[in-house]
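# Residue-level structure breakdown
Here is how the chains run, residue by residue.
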Amino acid sequence: MALLKDKVALITGGGSGIGRATALIFAREGARLVLADLNRQGAEETAAMAEKAGAQAIAIQCDVLKAAAVEDLVNQTIKQFGRLDCAFNNAGVAGDLARTAESTEECWDFVVGIDLKAVWLCMKYEIAQMLKQKSGAIVNTASIAGLGANPLGIAYCASKHGVLGLTRTAAVEYARIPIRVNAVCPGVTQTPMVDAGIAKRPKMRQTFEKIHPMGRLGRPEEIGEAVAWLSSDAASFVTGIPLPVDGGFTAI
Ligand code: NAD
């Protein structure tokens, strides 16, 4: 049977990269989808791709940094599909590359806002709805940068470590419901976010390849497959974990 048959799933950052690839895997696995992104066009394109794959999907433009917008996103999900079973809190930004002493307050506020605070905001409104249903599964996108140092990206590193704290705390708070809360920790994955970095510094591709024992970057679908499993009833006794999907990076 399809892993997510008839589940209603909300995906933030659904207009690109890992969010889009995950949406298409969720579509294959029978989910009905709400695709949220700051980039309306990206979300609409993903919705069209998911519909082509046979899923029901709607696109909603949403800035996950704004509490009222996130509350409205959950309300619109309920209005459209009547419930919320799975949420993938995945919207994120990389920020500028700089060592700690050269990094700026502006970059800190931008990155920590979207990569950490907005994940809490999304969980806050998603969990309120899941409590009414007495069930739910949330996956947050952390990173290998949430499991160790991330030279030249201190705000990103702090945010992704923070996402693991949010994940563990909410997982324990709501384990008895049960609302399961897990995190996925991708290695460097070939998405527009990473392509933009490589375009500025082409040598980074080789460096990224070398740091993974598998000798290559991840593919967005490889992250999506893990998210689909964590979101499904197949993972019914799994909560509060950071799941690395990283070609062996964290094994070293
Ligand atoms: P991406 O740039 O392709 O996608 C990110 C999406 O988030 C974009 O569509 C963007 O419009 C959206 N977004 C940004 N700010 C937003 C906001 N305020 N409100 C709503 N949407 C917003 O990047 P990606 O690589 O697919 O990244 C997805 C997630 O994976 C991020 O959280 C990122 O930190 C994480 N991640 C990526 C990698 C990687 O190597 N690509 C590795 C580890 C973790």
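Scroll up to find the structure.
My aim in this report is to walk through the structure given alongside it, one point at a time. Note that this is a predicted model, so its numbers are computed, not measured.

Regarding its fold elements, the chain presents 8 helices and 7 strands. Radius of gyration (C-alpha) of the chain: 17 Å, near the 18 Å computed for a compact globule of 252 residues. In terms of overall dimensions, the chain has a C-alpha envelope of 45 × 35 × 35 Å along the principal axes. When the 252 residues of the chain are sorted by exposure, 50% land in the buried category. Long-range contacts, defined here as pairs at least 24 residues apart, represent 71% of the contacts in the chain between residues at least 6 apart. Of the roughly 12000 Å² of accessible surface on the chain, 56% is carried by carbon and sulfur atoms. Of the charged side chains in the chain, 26 are positive and 25 negative, and the gap between their average positions amounts to 3 Å.

The next thing to look at is the site of the ligand. What surrounds the ligand is a group of 28 residues, the closest being Ser16, Asp37, Tyr156, Thr189 and Thr191. One of the side-chain nitrogen or oxygen atoms of Asp37 is found 2.5 Å away from an oxygen atom of the ligand. Protein chains bury 91% of the 830 Å² of accessible surface belonging to the ligand in isolation. Going through the elements one at a time, α1 (17-28), α5 (154-173) and α6 (192-200) are the ones with two or more residues in the shell around the ligand. No other element matches the 3 residues that α6 contributes to the shell around the ligand.

One open sheet accounts for 7 strands, arranged β3-β2-β1-β4-β5-β6-β7; its pairing is parallel. Two strands in the sheet have a free side with no partner beyond their single neighbour: β3 (57-61) and β7 (242-245). Strand-to-strand twist in this sheet, taken as the mean axis angle between neighbours without regard to direction, amounts to 20 degrees. Across 3 bridges, strand β1 (residues 8-12) lies against strand β4 (residues 86-89) in parallel orientation. Note that in β4 the partner of Leu10 across the bridge is Ala87. Where α1 meets the sheet, it contacts β1, β2 (32-37), β4 and β6 (179-186), and its direction lies at approximately 170 degrees from that of β1.

This paragraph deals with the nonpolar core. Counting 34 residues, the largest nonpolar core has Leu10, Val34, Val64, Leu73, Met123, Ile138 and Val181 as the members making the most contacts within it. Every element with two or more residues in this core is listed here: β1, β2, β3, α3 (67-81), α4 (105-133), α5 and β6. Per-element tally for this core: the top contributor is α4, with 8 residues. With residues up to four places along the chain from it excluded, the contact list for Leu10 reads Val34, Ala36, Leu73, Val74, Thr77, Leu84, Cys86, Ala87, Phe88 and Glu126. In terms of nonpolar packing, the next biggest core, distinct from the first, is built from 26 residues, Phe26, Ala31, Ala47 and Ala50 among them.

Note on placement: Arg201 falls in the loop between α6 and α7 (204-211). Sequence separation between Arg201 and Leu4 is 197 residues; the distance between their C-alpha atoms is 39 Å.

In this section: the packing of α6 against α7. One can describe the packing of α6 onto α7 by two numbers: an axis separation of 8 Å at closest approach and a directional angle of 125 degrees. Of the possible angle classes, the one that applies to α6 and α7 is oblique. Counted together, Val194, Gly197 and Ile198 of α6 and Met204, Arg205 and Phe208 of α7 form the full contact between these two elements. By residue class, the composition of the contact of α6 with α7 is 4 nonpolar, 1 polar and 1 charged.

Attention shifts here to a negative patch on the surface. Taken together, Asp96, Glu105, Glu106 and Asp109 make up a surface patch of like negative charges. One can find Glu106 in helix α4.

What follows is about the packing of α1 against helix α2 (residues 40-52). Put simply, α1 and α2 touch, their axes get as near as 9 Å, and they point 25 degrees apart. Between α1 and α2, the interaxial angle falls into the category roughly parallel. α1 and α2 meet at a crossing whose hand is right-handed. Residues Arg20, Ala23, Leu24 and Ala27 of α1 form the contact with α2, whose participating residues are Gly42, Glu45, Thr46, Met49 and Ala50. Taken together, the residues of the contact of α1 with α2 sort by class into 5 nonpolar, 2 polar and 2 charged.

What follows concerns unusual backbone geometry. A cis amide bond links Ile177 to the next residue, Pro178, at an omega of 0 degrees. For Pro178, the position within the fold is in the loop between α5 and β6. A positive phi angle, near 80 degrees, is found at Leu152, a position not held by glycine. Among the residues examined, Leu152 registers a relative accessible area of 39% and is labelled partly exposed.

Basis of the calculations
- Residues numbered from 1 in each chain as written.
- Predicted model: local features only at pLDDT ≥ 70, side-chain atom pairs only at ≥ 80, totals over all residues.
- Heavy atoms only, no water.
- Helix = DSSP H or I, 4+ residues; strand = E, 2+ residues; numbered from the N terminus.
- Rg over C-alpha atoms; globule rule 2.2 N^0.38 Å.
- Buried < 20%, exposed > 50% of the residue type's maximum accessible area, 1.4 Å probe, protein only.
- Contact = heavy atoms within 4.5 Å.
- Areas by Shrake-Rupley, 256 points an atom, 1.4 Å probe, with all protein chains shown as cover.
- Lys, Arg positive; Asp, Glu negative; His and termini not counted.
- Charge placed at Lys NZ, Arg CZ, Asp CG, Glu CD.
- Near = heavy atom within 4 Å.
- Polar contact = N/O pair within 3.5 Å; in protein donor to acceptor, adjacent residues only side chain to side chain.
- Pairing = 2+ DSSP bridges.
- Axes fitted to C-alpha atoms, helices over the stretch in contact; angles between N-to-C directions.
- Core = buried A, V, L, I, M, F, W, Y, C linked by side-chain atoms within 4.5 Å.
- Parallel < 35°, antiparallel > 145°, perpendicular 65-115°, else oblique.
- Nonpolar A, V, L, I, M, F, W, Y, C, P; charged D, E, K, R; others polar.
- Patch = residues over 30% accessible without salt bridge, like charges linked within 9 Å, V, L, I, M, F, W, Y side chains within 5 Å.
- Salt bridge = Lys/Arg side-chain N within 4 Å of Asp/Glu carboxyl O.
- Left-handed = near helix turned anticlockwise from the far one by under 90°.

Purely spatial values, then, with no claim about function.
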